[in-house]
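So you can see what is in the structure, the chains are spelled out below.
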Amino acid sequence: MTSTETSVDDVQAVILVGGKGTRLRPLTLSAPKPMLPTAGLPFLTHLLSRISAAGITRIVLGTSFQSHVFEQHFGDGSKMGLSITYVHESEPLGTGGGIRNVLPELTAETVLVFNGDVLCGTDVRSIIDTHQTSGAEVTLHLVRVTDPRAFGCVPTDSDGRVTAFLEKTQDPPTDQINAGCYVFNRSVIESIPEGRPVSVEREVFPGLLAEGRHVHGHVDSGYWRDMGTPEDFVRGSADLVRGIAPSPALQGHRGEFLVHDGASVGPGALLIGGTVVGRGAEIGAGARLDGAVIFDGAVVEAGAVIERTIVGFGARIGPRALIRDGVIGDGADIGARCELLRGARVWPGVKLPDGGIRFSTDV
Ligand code: GDD
Ligand code: MG
């Protein structure tokens, strides 16, 4: 069977969106990670459009933290031609518990499960295709990365069968990792223990392998990025803007920058490196934005320099400030000439006076 023949009629998709997004704080204090604007759209829109492009329309969101935000935005999904339902965990049940918890919503025999924070170009039909061809009970999408230690390390044998699942090991035996997308036969989901936290990575997959069950790997080399850290979020957003990361939701947009409706850009301002300027944001004259992610309503004053940094909703960056590799919380106010360098995180609403923090002694 080729991927164009893959049948998706009896496939439903589950997206896990119940994490707290702690590594993206303070932005995730006010919005869940999958709802943060990425190239101007909530991140989840990119994933939903990719699932929809594969012809899968029945989607269940497994929510916990800030669940109402998802439903408020996507509703029943009909605007996107989808049918979306929501299952809430009042206490987070973990990734495996989250999958088990949506079982009452599942009518299909084949269930695609996605981590809700992965930007990826792989055609989901090709993963289902591998699942159907190999006859496995579970198929994992796998990619190769330079440092596997932050991920689930997943070695396979010469037939593509998964031989181990080692979540966040310091001593990874291969560079092949779990890309955060799985195909499950429904019966496997039924066997996950109910009503208690379960990790699919630390309990379900190792358990299946210990029982000698058939878990298969679908390895490919398309675009892939977990958006969970500020560094990756900034890179992923810029890659979307520049067309390096594909998203059906952006309808082929490709350029050095993206400026949304109602935003203004002053004379001589330079926008490069996949910079995105949100709705109603204001960029002052001569400002330089390189790989910047400016959320809606933020203000960047004249001559400020912003590199690889996320500026939250309604925040203000004062004249000639320099921010590099930082995260500025919603509504924060950074005074003129402040310098915030690598790793700086400013909490929402915090006000820094003019020249209040500097890394150099010149005035
Ligand atoms: N419903 C629900 N309930 N969802 C959850 C819960 C929960 O208790 N905990 C986490 N999630 C969701 C998160 O919202 C996210 O979309 C997804 O599950 C994965 O959680 P992360 O916190 O982003 O995990 P990670 O990035 O450290 O690691 C995972 O992803 C890697 C690939 O991106 C693991 O699956 C790794 O094995 C994998 O390599
Ligand atoms: Mg993640």
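Computed from a predicted model, the values in this text were never measured in an experiment.

Asker: Account for the pattern of salt bridges, with residues named and values stated.
Answerer: As enumerated under the stated definition, the model contains 21 salt bridges in all. Close ionic contact of Arg 316 with Asp 333 constitutes a salt bridge, the shortest N to O distance being 3.0 Å. Taken together, the residues Arg 316 in strand 24 (residues 316-317) and Asp 333 in strand 27 (residues 333-334) connect sequence positions 17 residues apart. Taking the relative accessible area as the measure of exposure, Arg 316 reaches 24% and is therefore partly exposed.

Asker: A description of the site of ligand 1 should follow, citing residues and the corresponding values.
Answerer: The environment of ligand 1 is formed by 26 residues, the closest being Gly 94, Glu 167, Asn 178, Glu 201 and Asp 226. For ligand 1, an oxygen atom lies 3.4 Å from a polar atom in the backbone of Leu 93. In the model, an oxygen atom of ligand 1 is placed 3.0 Å from a nitrogen or oxygen of the Asn 115 side chain. Here ligand 1 loses 90% of its free accessible area of 740 Å² to cover by the protein chains. Within the residue set of the shell around ligand 1, elements represented by two or more residues are helix 3 (94-101), strand 11 (176-185) and strand 13 (224-226). Looking at side-chain class alone, the shell around ligand 1 contains nine nonpolar, nine polar and eight charged residues.

Asker: Before we move on, could you go through the domain arrangement of the protein chain and cite the residues and values that matter?
Answerer: Segmenting the protein chain into domains produces domain 1 (3-230) and domain 2 (256-352). Measuring from the centre of the C-alpha atoms in domain 1 to the corresponding centre in domain 2 gives 33 Å. Each partner contributes residues to the interface: domain 1 has twelve residues there, and domain 2 has 17 residues. Among the residues domain 1 hides against domain 2, the three largest losses belong to Pro 26, Leu 27 and Pro 37. Together they make up 46% of the total. Our enumeration of links across domain 1 and domain 2 arrives at zero salt bridges. At the surface where domain 1 touches domain 2, the tally comes to four residue pairs in polar contact (both at pLDDT 80 or more). For the side of domain 1 that touches domain 2, the class distribution of residues is eight nonpolar, two polar and two charged.

Asker: So what's going on with the coordination of the magnesium ion (ligand 2)? Residues and values would help.
Answerer: Under perfect tetrahedral coordination by four donors, a metal shows angles of 109.5 degrees; under perfect octahedral coordination by six donors, it shows angles of 90 or 180 degrees. For the magnesium ion (ligand 2), the full set of protein donor atoms is Asp 117 (OD) and Asp 226 (OD), at a range of 2.1 to 2.3 Å. Of this pair, Asp 117 sits in the loop between strand 6 (110-115) and strand 7 (118-120) while Asp 226 is found in strand 13, placing the two residues 109 residues apart along the sequence. You'll find Asp 117 and Asp 226 in the same group, each marked buried.

Asker: Could you give an account of the sheet that holds strand 22 (residues 305-307), with specific residues and numbers?
Answerer: Spatially, five strands are ordered 16-19-22-25-28 in an open sheet, and the strand pairing comes out parallel. Two strands close off the open sheet at either side, each with one partner strand: strand 16 (270-272) and strand 28 (339-340). Pairing of strand 25 (residues 322-324) with strand 28, which is carried by two bridges, proceeds in the parallel orientation. Looking at the pairing, Leu 322 lines up with Glu 339 of strand 28.

Thresholds applied
- Residues numbered from 1 in each chain as written.
- Chains lettered and ligands numbered in written order.
- Predicted model: local features only at pLDDT ≥ 70, side-chain atom pairs only at ≥ 80, totals over all residues.
- Heavy atoms only, no water.
- Salt bridge = Lys/Arg side-chain N within 4 Å of Asp/Glu carboxyl O.
- Helix = DSSP H or I, 4+ residues; strand = E, 2+ residues; numbered from the N terminus.
- Buried < 20%, exposed > 50% of the residue type's maximum accessible area, 1.4 Å probe, protein only.
- Near = heavy atom within 4 Å.
- Polar contact = N/O pair within 3.5 Å; in protein donor to acceptor, adjacent residues only side chain to side chain.
- Areas by Shrake-Rupley, 256 points an atom, 1.4 Å probe, with all protein chains shown as cover.
- Nonpolar A, V, L, I, M, F, W, Y, C, P; charged D, E, K, R; others polar.
- Domains from an automatic or database assignment.
- Contact = heavy atoms within 4.5 Å.
- Buried area = accessible area lost by both parts, 1.4 Å probe.
- Donors = N, O, S within 2.8 Å, 3.2 Å for Na, K, Ca; no water.
- Pairing = 2+ DSSP bridges.

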